[in-house]
Amino acid sequence: MVHAPFSLLPMPYPKQTFLLAKQAATVFNQVIDRVAEDEEYLHRVLSPAAQFDSFTAKLLDVHKATSSERAARRKAQTDTCLAITRSDYMLHSPTNGLLQVELNTIASSFGCLSTLVGRMHRHILEFSDDDTITTNKALLLENLPDNNAMDEIADALGTAAKHHHNTPGGVMVMVVQPGERNAYDQRWLQLRIWQRHGVKTLRRSLAEISARGSLDSQQRLSIDGELVSVVYFRAGYTPDDYFTEAEWEARVLLEKSAATCCPTVGLQLAGAKKIQQDLAAPGVVEKYTLNIKEAELLRTFFAGLWSLDDVNDPTTADIISEAIKHPEGYVLKPQREGGGNNLYGDALKARLESKKDLGALILMQRILPPINKAIMVRNGESHEIETLSELGIYGTYLRQGQEVVMNRDAGHLVRTKAATSDEGGVAAGFAVLDSPIFY
Ligand code: ADP
Ligand code: MG
């Protein structure tokens, strides 16, 4: 067992920018539900990427194979959308703006550990009599924002489980990877769901669900003899989680069931990088917001994003040759989650020059965050280094039929990494958990 890596002191962060990102959380939640419901749109935008990317193709297959069950639930108004999102951002130094890195719709992690790191930072600022802390104006206790992502996320899952239309009070199944390392972030959530809502959690892998799950005549899901009202995915976002066809069969079973899936395959697909890129194209996000003000707010966070579907299109050809000339200004992204998949610098250049299967990728403007010194603690050892930070804002959302029961901004996370590192995942070993302190 090793402790999660963390930063010893909170990271100074501009308050107004932070509040703007918080404000956007409920708007992103509602937009992503509407995108997930627009099945024609999902298939149209993702089909070109699916030609070159078998994981996206498989998810689209599951989505197609379960469309009649979805349609029946919509007709009966028993359909649900339970979303636990995390919108990730970086400050962009050249403009002082905040740009979105990505919107996570599956397995948005670290809500609990970020809550604990916030408490630890509060404790250090309260109790330390070290001069470097007590005399530092950037570290005033009153500037440390509250963070309760742990209970916010527990409340969304607990509410969905308790008020399910045909399985009220059923258990929650947390879909986990066999041998999960980040289990403590998940265990805290289980504990709080039990304490605050009296809902029990079963931890099961997709293979176990495939072997031991079944549906009754009302499409109610049972696993190991327990009725299930909510299925919460902390696995299933990477092809590595699908060892055999059994895991895909589990996905189809869950999608057909009446249990509320967080997320559904549709919501997972709505969080694809390809969709993020397409929503940023002129006139697209506007179709999914309630009014133009909301669209304008979201657009302030959109970085430059380009489709590589048609390399013969003059605009696409221009941006490709520009990125080959200046690879340091761009990031090349496949349809993957979990960190460690993006291409930068020479690798980006080589991949674009190959011209092969570029439709599976999107090209993104490189965000250039400010650099700060931080003390990072990993494996019990501390190092003071030059770092940069990524802010994540959680959102929780529950729709049952036509009624939006819950739509909240639900706490935050800061991840800090060495300024020299391109990638950012904590679990992937690049970053440490941190929290913001306002200036
Ligand atoms: P994943 O789904 O694998 O988490 P991300 O889009 O979040 O994919 O990219 C992983 C990491 O790469 C981010 O946490 C961030 O540190 C870095 N990154 C991603 N996009 C950009 C960008 N446009 N500019 C700078 N860094 C980026
Ligand atoms: Mg990410």
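Asker: I'm lost on the overall build of the protein in this one. Help?
Answerer: Scanning the protein from terminus to terminus reveals 15 helices and 18 strands. Taken over the C-alpha trace, the protein has a radius of gyration of 22 Å; the compact-globule value for 439 residues is 22 Å, and the two agree within 12%. Oriented by its inertia axes, the alpha-carbon framework of the protein measures out at about 65 × 60 × 45 Å. Counting every position in the protein, which comprises 439 residues, the buried fraction comes to 56%. Looking at the protein alone, contacts between residues at least 24 apart form 73% of all its contacts between residues at least 6 apart. Total accessible area computed for the protein in this model is approximately 18,500 Å², and 51% of it derives from carbon and sulfur atoms. Across the protein, the centroid of the 46 positively charged side chains sits 3 Å from that of the 55 negatively charged ones.

Asker: Got a minute to help me understand the sheet that holds strand S11 (residues 305–307) in this structure?
Answerer: Strand pairing in a sheet takes place through backbone hydrogen bonds and is either antiparallel or parallel in direction. Taken in spatial order, the three strands of this open sheet run S11-S13-S12, and their pairing is antiparallel. Two strands bound the open sheet, and with one partner strand each, they are S11 and strand S12 (330–334). Strand-to-strand twist across the sheet, computed as the mean angle between neighbouring axes with direction ignored, equals 25 degrees. Note: S11 against strand S13 (residues 361–365), three bridges, orientation antiparallel. Residue pairing across strands places Trp 306 opposite Leu 363, the latter belonging to S13.

Asker: Help me understand empty space enclosed by the protein in this model?
Answerer: A water-sized probe, rolled over the atoms, reveals where empty space remains. Within the structure shown, the criterion is met by five cavities of 30 Å³ or more. Considered as a void within the structure, the largest cavity measures approximately 240 Å³ in volume. For the largest cavity, the lining is made up of 22 residues, of which Glu 37, Arg 70, Arg 73, Thr 80 and Thr 264 are closest to its centre. When residues of the lining of the largest cavity are traced back to their parent elements, those giving at least two are helix H1 (15–37), helix H4 (67–75), strand S3 (80–92), helix H10 (245–256) and strand S10 (260–262). Looking at side-chain class alone, the lining of the largest cavity contains six nonpolar, eight polar and eight charged residues. Counted as a void, the second largest cavity has a volume near 150 Å³. Lining the second largest cavity are 14 residues, with Phe 55, Leu 59, Ala 272, Gln 335 and Glu 337 positioned closest to its centre. Mapped by element, the contributors of at least two residues to the lining of the second largest cavity are helix H3 (54–65) and helix H11 (265–270). Top contributing element to the lining of the second largest cavity by residue count: H3, with three residues. Among the residues making up the lining of the second largest cavity, the classes are represented as seven nonpolar, four polar and three charged.

Asker: Is there a simple way to explain the environment of Ala 207 in this structure?
Answerer: By the element assignment, Ala 207 lies in helix H9 (residues 206–212). Along the chain, Ala 207 and Thr 416 lie 209 residues apart, while their C-alpha atoms are 34 Å from each other.

Asker: Honestly, the site of ligand 1 in this entry has me stumped. Any pointers?
Answerer: Close to ligand 1 lie 21 residues; Lys 273, Lys 333, Gly 339, Ile 367 and Glu 390 are nearest. Contact between ligand 1 and Glu 102: an oxygen atom at 2.8 Å from a side-chain N or O atom of the residue. Lys 273 has a polar side-chain atom sitting 2.7 Å from an oxygen atom of ligand 1. Burial of ligand 1 by the protein amounts to 96% of the accessible area it has alone, namely 540 Å². Broken down by secondary-structure element, the contributors of at least two residues to the shell around ligand 1 are strand S4 (97–104), S12 and S13. Classifying every residue of the shell around ligand 1 by side-chain character gives six nonpolar, five polar and ten charged.

Asker: Would you mind going over the state of the cysteines with me for this structure?
Answerer: As used in these notes, a disulfide is a covalent bond between sulfur atoms, one from each of two cysteines. Inspection of every chain in the model, using the stated rule, returns zero disulfides. Free of any disulfide, Cys 112 has its nearest neighbouring cysteine sulfur in Cys 262, separated by 13 Å. Note on Cys 261: no disulfide assigned, nearest cysteine sulfur contributed by Cys 262 at a separation of 8.9 Å.

Asker: Which parts of the structure should I look at to understand the packing of H1 against helix H2 (residues 39–52)?
Answerer: Axes are the key here: two packed helices are described by the angle between their axes and the distance separating the axes. Between H1 and H2, the least distance of the axes is 5 Å, while the angle of their chain directions is 80 degrees. Classed by the angle they form, the pair H1 and H2 counts as roughly perpendicular. Taking contact as the criterion, the partners of Val 35, Ala 36 and Glu 37 in H1 are, on H2, Glu 39, Tyr 41 and Leu 42. When grouped by side-chain class, the residues that make up the contact of H1 with H2 number four nonpolar, no polar and two charged.

Reading guide: rules and limits
- Residues numbered from 1 in each chain as written.
- Chains lettered and ligands numbered in written order.
- Predicted model: local features only at pLDDT ≥ 70, side-chain atom pairs only at ≥ 80, totals over all residues.
- Heavy atoms only, no water.
- Helix = DSSP H or I, 4+ residues; strand = E, 2+ residues; numbered from the N terminus.
- Rg over C-alpha atoms; globule rule 2.2 N^0.38 Å.
- Buried < 20%, exposed > 50% of the residue type's maximum accessible area, 1.4 Å probe, protein only.
- Contact = heavy atoms within 4.5 Å.
- Areas by Shrake-Rupley, 256 points an atom, 1.4 Å probe, with all protein chains shown as cover.
- Lys, Arg positive; Asp, Glu negative; His and termini not counted.
- Charge placed at Lys NZ, Arg CZ, Asp CG, Glu CD.
- Pairing = 2+ DSSP bridges.
- Axes fitted to C-alpha atoms, helices over the stretch in contact; angles between N-to-C directions.
- 1 Å grid on protein atoms, 1.4 Å probe; cavity = no way out; pocket = protein on both sides within 12 Å on 5 of 7 lines; lining within 4 Å.
- Points joined across faces, edges and corners; volume = space filled by probe spheres on them.
- Nonpolar A, V, L, I, M, F, W, Y, C, P; charged D, E, K, R; others polar.
- Near = heavy atom within 4 Å.
- Polar contact = N/O pair within 3.5 Å; in protein donor to acceptor, adjacent residues only side chain to side chain.
- Disulfide = S-S within 2.5 Å.
- Parallel < 35°, antiparallel > 145°, perpendicular 65-115°, else oblique.

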